[in-house]
Amino acid sequence: MPDAELFAAADAGKLSTPDEIASQAQRLLDDPRSDAVLDRFVEQWLLVGNIVNVPKDATLYPGFTPAIRAAMRDEIRAVYRKVLRGESPTLPGLLTTDKTYVSPDLAAFYGVSGGPAGPDGLVSVDLSGTERTGLLAQGSVLATHAHPNDSSPIHRGKLVRTRLLCQKLPPPPAGFNVQPPPLDPTLTTRERYIAHSTVEPCKSCHQLMDPIGFGFERFDGVGRYRTEENGKPIDASGEIVSSPHSDGTFDG
């Protein structure tokens, strides 16, 4: 419910201009009681609410413990709150922020370091100059949008296509095998998925997702940074096609 100050402003007719409404909205956003709303929004927007129980192969990822999962959830919540309450509360600010806030255990899991832990138990880490910047490089995003035993250019590309570019994707053809290519210790993920970009009926849909998802390939299935896969260097080049304003190539 609105608090007493907001009720009073409404009774006094002080919610009739954009500036008055913006002032009240900022006041409410700054109130710690809005934390739950912000947390719920970012988890629904980027579909990361399942990070605490998303299936993972414990043999391949023994370090991906319940504590790390919970720490990833706390990390994206903290980053989202701090950006929206900071000096650049914008979508570009969220997508490019070079600060994160992690537990000491999660810092070790990522292989990063920062200052002493704050009152909330989180360490502030400067990520400038690394590829782990912005909301899309959060461990919760990378681990949730991946397979139990591998990364997934499909899931990660679909996330960007649908949740940022706001484009709907058609369903796969009826009766079509939608299982991912099997793991192969001699191939990289890009090499395993190459048929998606060259063969119909895969190509028409997967060209909208896979080339975006390849940009995340320097992160494994639980969000750890890597430069090689199966002894081969990672190719993280990608491309956006068929968007109204965002087409282009990129790397990482």
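Structure shown above.
This is a predicted model, so every value here is computed, not measured.

Participant: Any chance you could break down the overall build of the protein for me, citing the residues and the numbers?
Facilitator: The number of helices and strands found in the protein is 11 helices and six strands. Here the protein, with 252 residues, has 41% of them falling under the buried criterion. Taking contacts inside the protein between residues at least 6 apart in sequence as the whole, the part at least 24 apart equals 63%. Carbon and sulfur atoms make up 58% of the accessible area of the protein, which amounts to about 13400 Å² in all. Here the protein contributes 25 positively and 32 negatively charged side chains, and the mean placements of these two sets differ by 4 Å.

Participant: Can you lay out the nonpolar core for me, pointing to particular residues and giving the numbers?
Facilitator: In terms of nonpolar packing, the biggest core is built from 26 residues, with Val 42, Trp 45, Leu 46, Ile 76, Tyr 80, Leu 94 and Leu 135 touching the most fellow members. Of all the secondary structure elements, the ones that give two or more residues to this core are helix 3 (35–45), helix 4 (66–84), helix 7 (139–144) and helix 8 (153–164). The element contributing the most residues to this core is helix 4, with six residues. Excluding its chain neighbours within four sequence positions, the residues that come into contact with Leu 135 are Val 42, Trp 45, Leu 46, Ile 76, Val 79, Tyr 80, Leu 94, Leu 95 and Val 141. Of all hydrophobic cores here, the second largest spans 17 residues; its members include Tyr 61, Tyr 110, Val 125 and Leu 127.

Participant: Go over the pairing of strand 5 (residues 237–240) with me, naming the residues and quoting the values.
Facilitator: What you see with strand 5 is a clean split: Gly 238 and Ile 240 sit on the buried side and Ser 237 and Glu 239 on the side with no burial. In this structure, strand 5 lies alongside strand 6 (residues 248–251), joined through four bridges in antiparallel fashion. When the sheet's bridge partners are listed, Ser 237 is paired in strand 6 with Asp 251.

Participant: Explain the environment of Gly 223 to me, using residue names and the numbers behind them.
Facilitator: Within the secondary structure, Gly 223 is located in the loop between helix 11 (210–213) and strand 3 (228–229). Apart from residues lying up to four places away in sequence, Gly 223 is in contact with Tyr 110, Arg 132 and Leu 142.

Participant: Now, about the packing of helix 1 (residues 4–11) against helix 2 (residues 18–30): what can you tell me, with residues and values included?
Facilitator: Where helix 1 contacts helix 2, the axes come no closer than 11 Å and their chain directions differ by 175°. The angle between helix 1 and helix 2 falls in the class roughly antiparallel. Two secondary-structure elements touch here, helix 1 through Glu 5, Leu 6 and Ala 9 and helix 2 through Gln 24, Arg 27 and Leu 28. Per-class residue counts for the contact of helix 1 with helix 2 are three nonpolar, one polar and two charged.

Participant: Go over the state of the cysteines, please, and point to the residues and values.
Facilitator: Applying the stated criterion to the full structure yields zero disulfides. Between Cys 166, a cysteine without a disulfide, and Cys 205, which holds the nearest cysteine sulfur, the sulfur-to-sulfur distance is 18 Å. Assessed through its relative accessible area of 18%, Cys 205 is described here as buried.

Participant: Before we move on, can you summarise the packing of aromatic side chains with the specific residues and values?
Facilitator: Tallying each qualifying case throughout the model produces five aromatic pairs. With a centroid separation of 6.3 Å and an interplanar angle of 55°, the aromatic rings of Phe 109 and Tyr 110 are classed as tilted. With a centroid separation of 5.6 Å and 75° between ring planes, the pair formed by Phe 219 and Tyr 225 is classed as edge-to-face. On the basis of relative accessible area, Tyr 225 is assigned to the partly exposed category, the value being 41%. Put simply, the rings of Phe 41, Trp 45 and Tyr 80 touch in pairs and so form one group of aromatic residues. One residue, Arg 132, lies across the ring of Tyr 110, its end atom 3.9 Å from the ring centre.

About the cut-offs
- Residues numbered from 1 in each chain as written.
- Predicted model: local features only at pLDDT ≥ 70, side-chain atom pairs only at ≥ 80, totals over all residues.
- Heavy atoms only, no water.
- Helix = DSSP H or I, 4+ residues; strand = E, 2+ residues; numbered from the N terminus.
- Buried < 20%, exposed > 50% of the residue type's maximum accessible area, 1.4 Å probe, protein only.
- Contact = heavy atoms within 4.5 Å.
- Areas by Shrake-Rupley, 256 points an atom, 1.4 Å probe, with all protein chains shown as cover.
- Lys, Arg positive; Asp, Glu negative; His and termini not counted.
- Charge placed at Lys NZ, Arg CZ, Asp CG, Glu CD.
- Core = buried A, V, L, I, M, F, W, Y, C linked by side-chain atoms within 4.5 Å.
- Pairing = 2+ DSSP bridges.
- Axes fitted to C-alpha atoms, helices over the stretch in contact; angles between N-to-C directions.
- Parallel < 35°, antiparallel > 145°, perpendicular 65-115°, else oblique.
- Nonpolar A, V, L, I, M, F, W, Y, C, P; charged D, E, K, R; others polar.
- Disulfide = S-S within 2.5 Å.
- Phe/Tyr/Trp six-rings, centres within 6.5 Å; stacked < 30°, edge-to-face > 60°.
- Lys NZ or Arg CZ within 6 Å of the ring centre and 35° of its normal.

Shape is all these values report; function is a separate question.
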